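Descriptive structure summary
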Amino acid sequence: MIIDFLNSSKSEFIADVCIIGSGAAGFASALTFLKSEINVLVIEGGDSTFKKDAASIHQAKNTGKHHAGIHKARERIIGGTTTKWGGQALPFMKEDFMDRPHIAVSGWPITYEDLKPFYRKAENILGTDPSTKYTYQPWNEWDIKLPGFNKSILNLIVTKWCKIPNFAVQHGEKIKNSSKVNILKNANVIEFLPDELENVKSISIRSITQKEGIVKAKYFISAGGAFESVRLFLNSKKFSPQGIGNKNGLVGLYIQDHVAAIVGQIFPKNRKKFHDIFDTFYKNGYKYLPRLRLSPEFAKNNKLLHASAQIVFDIDSNNILTKVKENLTEIKSKRKTYLSLVLLLLSDFNLYKILKIVFRWKILKRGTSPIAGPIWLEIHSEQEPSLKNKITLNKEKDILNQQRISLDWNISELTNKTIKEMAKYSALELEKSGLANVKLESWVNFSNQNTSKLMTDSYHQAGGLIMGKNEQVGVVDSNCKVFGINNLFVASSAVFPTSSFSNPTMTTIALAIKISEQIINDLKVQNFNKDQFNR
């Protein structure tokens, strides 16, 4: 069921489990509880549709390098950022969880094997095909000869994509039809409130219209994005002036994002062959996108971070697919009628072009990238965890009277070096294989020059509440439970000690499932013990 806090006569809510946030992690947690008899309340600050006032709460300050995602990659709406993302999914590599001596803060207190069963379960929530492994090599199936890349340096992989990326659309009805799992919308969490044992007793909530309330629960899961989770912890000053879980001053530290840069232009020697290798594949209706990955062993031996390369086909505004999409958007918003689409398709052989694309998609099971125009090489790297990258509260307050955040975000020399080295090795392997020539940007070859101004964030925020072996090095433990607090868990990329090159969503969902299953088991034990006591 979905309850609107604005219209509810209640101001106090009680549940067994309270989940804060209805994005990817919040939905993953809620869906895990659906099969149980546990009463769950998901708290969402936004509405079912975008609201400007709710979005304004995310306004923040950049005090370091410009970070676009601080405003563009944070959504206050049922579904969270799944309402905007493309749906790309890839688990972290086993090496991502290992200690890497050349990275000061690395190594998770869990292993890939610990998370592996939850990655499998995450696929059911993502809506990808679990029968297809992530080691899938579609080129063999399509009888396409692979380029002779040196596998000890560069690996050709594919990422999976969700059919329905928006979780509110994909899973919303399941929650609406549930009597045990409810979403309370238009309720912004203000802070955690302690009990006499310094565990979480309740949370205070407030609407944009200043209606106030309280939510009591046995367990709490903070399932917001990394930045918003950090902000909530810092603003929870009833626990301590420094916020909750911040005994050792670690809340807000080691903020990360994936760093991206266009590093050069690709000139295929045979454009058709190049498209055969790098165009999207479709299998059983599911999408698979080719990418290049830096070998983790090579990265370790050369003291680099984990990175990948993406082939970017420049889509011209005159491209027929672009025009059709624009027309459909205009039709949906009632600014145009279907007649405009018919006229577009009947002009300039456009219907023939669309039929070719549909044939390639439906019959040949391949995507269609532009057959002309530039092709770019884009590098994505994980970011070296650094004390220089942090979130703090500033003096400005939002409409809920909560302090806003300031982000000090910087790109380290190691991250800089990784981008450049991955660019060089990708170009070298493309050329050595006879597949293409690459004209790298001039700055790539200046090894001693910090060129971070040419690099951007990727809207993949992580860190700030990192996982550690003990409270001296982490905010949460290996179970994502906040150190020193028995009933507060964090299901968010905020807990990542390092962030791989992969999209963070799948790993966040896997952690959310793991947390939720643990709470289910804990509540079963508590109920069993209670029954035994009452006999």
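One can find the structure itself at the top, above this paragraph.
Residues numbered from 1 in each chain as written. Predicted model: local features only at pLDDT ≥ 70, side-chain atom pairs only at ≥ 80, totals over all residues. Heavy atoms only, no water.

1. A closer look at helix H8 (residues 271-278)
Taken together, the buried positions of H8 are occupied by Phe274, His275, Asp276, Ile277 and Phe278. The backbone nitrogen of lysine 272 lies 3.1 Å from a side-chain oxygen of the residue at the head of H8, namely asparagine 270. (Buried < 20%, exposed > 50% of the residue type's maximum accessible area, 1.4 Å probe, protein only. Helix = DSSP H or I, 4+ residues; strand = E, 2+ residues; numbered from the N terminus. Polar contact = N/O pair within 3.5 Å; in protein donor to acceptor, adjacent residues only side chain to side chain.)

2. Considering the environment of isoleucine 331
Relative to the elements of secondary structure, isoleucine 331 occurs in helix H10 (residues 320-332). Residue isoleucine 331 is classed as buried on the basis of its relative accessible area of 11%. In this structure, the C-alpha to C-alpha distance between isoleucine 331 and leucine 341, residues 10 residues apart in sequence, is 8.6 Å. Once residues lying within four places of it in the same chain are set aside, the contact partners of isoleucine 331 are Lys336, Thr337, Tyr338, Ser340 and Leu341. (Contact = heavy atoms within 4.5 Å.)

3. Describing the packing of aromatic side chains
What characterises a pair of aromatic rings is the spacing of the ring centres plus the angle enclosed by the ring planes. All chains considered together, the criterion is met by 17 aromatic pairs. Where phenylalanine 5 meets phenylalanine 13, the ring centres are 6.1 Å apart and the plane angle is 65°; that geometry is what we call edge-to-face. Relative to phenylalanine 167, the ring of phenylalanine 27 lies with its centre 6.4 Å away and its plane at 90°, an arrangement referred to as edge-to-face. Here the residue phenylalanine 27 occupies a position in helix H1 (residues 24-33), and phenylalanine 167 occupies one in helix H6 (residues 167-176), the gap between them amounting to 140 residues. Site record: aromatic cluster; members linked through ring pairs are Phe92, Phe97, Trp108, Tyr112, Tyr119 and Phe496. Here lysine 163 stacks its cationic end above the ring of tyrosine 286, 4.3 Å away from the centre of that ring. Between lysine 211 and the ring centre of phenylalanine 5, over which it is positioned, the NZ or CZ distance is 4.4 Å. (Phe/Tyr/Trp six-rings, centres within 6.5 Å; stacked < 30°, edge-to-face > 60°. Lys NZ or Arg CZ within 6 Å of the ring centre and 35° of its normal.)

4. What to know about the state of the cysteines
Under the counting rule described, the total for this entry stands at zero disulfides. Cysteine 480 carries a free sulfur, and the closest cysteine sulfur to it, the one in cysteine 18, is 17 Å from it. (Disulfide = S-S within 2.5 Å.)

5. Quick word on the packing of H1 against H6
Close contact between H1 and H6 brings their axes to 11 Å; oriented N to C, the two are set at 30°. Taken together, the axis directions place H1 and H6 in an arrangement best described as roughly parallel. Note on packing geometry: the crossing formed by H1 with H6 is left-handed. Taken together, the residues of H6 that come into contact with H1 (itself represented by Ala24, Phe27, Ala30 and Leu31) are Phe167, Ala168, His171, Gly172, Lys174 and Ile175. For the contact of H1 with H6, the class distribution of residues is seven nonpolar, two polar and one charged. (Axes fitted to C-alpha atoms, helices over the stretch in contact; angles between N-to-C directions. Parallel < 35°, antiparallel > 145°, perpendicular 65-115°, else oblique. Left-handed = near helix turned anticlockwise from the far one by under 90°. Nonpolar A, V, L, I, M, F, W, Y, C, P; charged D, E, K, R; others polar.)

6. Considerations on the side chain of serine 500
Among the secondary structure elements, serine 500 is positioned in the loop between strand S22 (488-490) and helix H14 (505-534). Accessibility expressed as a relative area gives 0% for serine 500, which makes it buried. Excluding residues within four positions of it along the chain, serine 500 makes contact with Phe92, Asp96, His258 and Glu382.

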